[in-house]
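Reading the structure
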Amino acid sequence: MDKEQIQNWLDEGYDILHHGRPVKVEGNLWDYIDGLGSYENVYVLRELIYWTEEELANIGK
């Protein structure tokens with residue numbers, strides 16, 4: 001995964017990455033994430049755009 005892919009997902013209206021898949025969230029983002037019951041493998045795309053390429057490469061490992 002790279003920043004270009006993340007930007008594409010953001011442009012398409014996706015909000016989070018959950019277990020490696022982009023998800024569009026209806027309503028409050030943080031309430032949705034809290035409702036998942038676990039923060040494991042959940043990433044907010046608008047935060048990932050600021051990660052380094054090295055950090056992004058480690059997602060899902």
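Structural data are supplied above this passage.
This text gives an overview of the structure that appears in the document. What you see is a predicted model, and the numbers here were worked out from it, not measured in a lab. Numbers given to residues run from 1 along each chain, matching the order in which its sequence is written. The model is predicted, so local features are restricted to residues of pLDDT at least 70 and side-chain atom pairs to those at 80 or more, both for listing and for counting; the totals for chains, interfaces and linings are taken over all residues. Side-chain numbers here rest on the full set of heavy atoms in the structure, without hydrogens or water.

Glancing now at the overall build of the protein. Helix and strand counts for the protein stand at 4 helices and 3 strands. Strands here mean DSSP runs of E at least two residues long; helices mean DSSP runs of H or I at least four residues long; both are numbered from the N terminus. Starting at the N terminus, the α and β elements of the protein follow one another as α-β-β-α-β-α-α. C-alpha atoms define the radius of gyration, and 2.2 Å times the number of residues to the power 0.38 defines the globule rule. Relative to a compact globule of 61 residues, whose C-alpha radius of gyration would be 10 Å, the protein shows 11 Å and is just as compact. Viewed in the frame of its principal axes, the protein has a C-alpha envelope of about 30 × 25 × 15 Å. Each residue is placed in one exposure class: buried if its accessible area under a 1.4 Å probe, protein chains only, is under 20% of its type's maximum, exposed if it is over 50%, and partly exposed if it falls in between. Within the span of the protein, comprising 61 residues, buried residues form 25% of the whole. With 5 positive and 13 negative side-chain charges, the protein shows a separation of 3 Å between the mean positions of the two kinds. This count recognises Lys and Arg as positive and Asp and Glu as negative, with His and chain-terminal groups excluded. Charge positions come from single atoms, namely NZ of Lys, CZ of Arg, CG of Asp or CD of Glu.

Here the focus is the sheet that holds strand E2 (residues 21-23). Note: two strands are recorded as paired if DSSP finds a minimum of 2 bridges between them. Taken in spatial order, the 3 strands of this open sheet run E2-E1-E3, and their pairing is antiparallel. The sheet terminates laterally at E2 and strand E3 (42-44), the two strands that pair on one side only. Here the strands of the sheet are splayed against their neighbours by 30 degrees on average, with no regard to which way each runs. Where strand E1 (residues 16-18) meets E2, 3 bridges bridge the pair, whose relative direction is antiparallel. Residue pairing for E2: Leu17 is matched across the bridge by Pro22. Only C-alpha atoms enter the line fits that serve as axes; for helices the fit covers just the stretch in contact. Angles between N-to-C directions range over 0 to 180 degrees.

This next bit is on unusual backbone geometry. One non-glycine residue, His19, lies in the positive phi region at around 55 degrees. Within the fold, His19 resides in the loop between E1 and E2.

Looking now at the packing of aromatic side chains. Each aromatic ring pair is characterised by the separation of its centres together with the angle its planes make. Here a Phe, Tyr or Trp ring, Trp counted by its six-membered ring, pairs with any other such ring whose centre lies within 6.5 Å, and the pair is stacked when the planes are under 30 degrees apart, edge-to-face when over 60, and tilted otherwise. Tallying each qualifying case throughout the model produces 1 aromatic pair. With a centroid separation of 5.8 Å and 90 degrees between ring planes, the pair formed by Tyr43 and Trp51 is classed as edge-to-face. Tyr43 sits in the partly exposed class, given a relative accessible area of 21%. Over a ring means this: the NZ of a Lys or the CZ of an Arg is within 6 Å of the ring centre and within 35 degrees of the ring normal. Lying across the ring of Tyr14, Lys24 places its NZ or CZ 5.1 Å from the centre.

Moving on, we get to the environment of Lys3. Position of Lys3 relative to the elements: it lies in helix H1 (residues 3-11). Separated by 49 residues in sequence, Lys3 and Thr52 have C-alpha atoms that sit 8.6 Å apart. When near neighbours in sequence (up to four residues on either side) are disregarded, Lys3 contacts Ile49, Tyr50, Trp51, Glu53 and Leu56. Should any heavy atoms of two residues lie within 4.5 Å, those residues are considered in contact.

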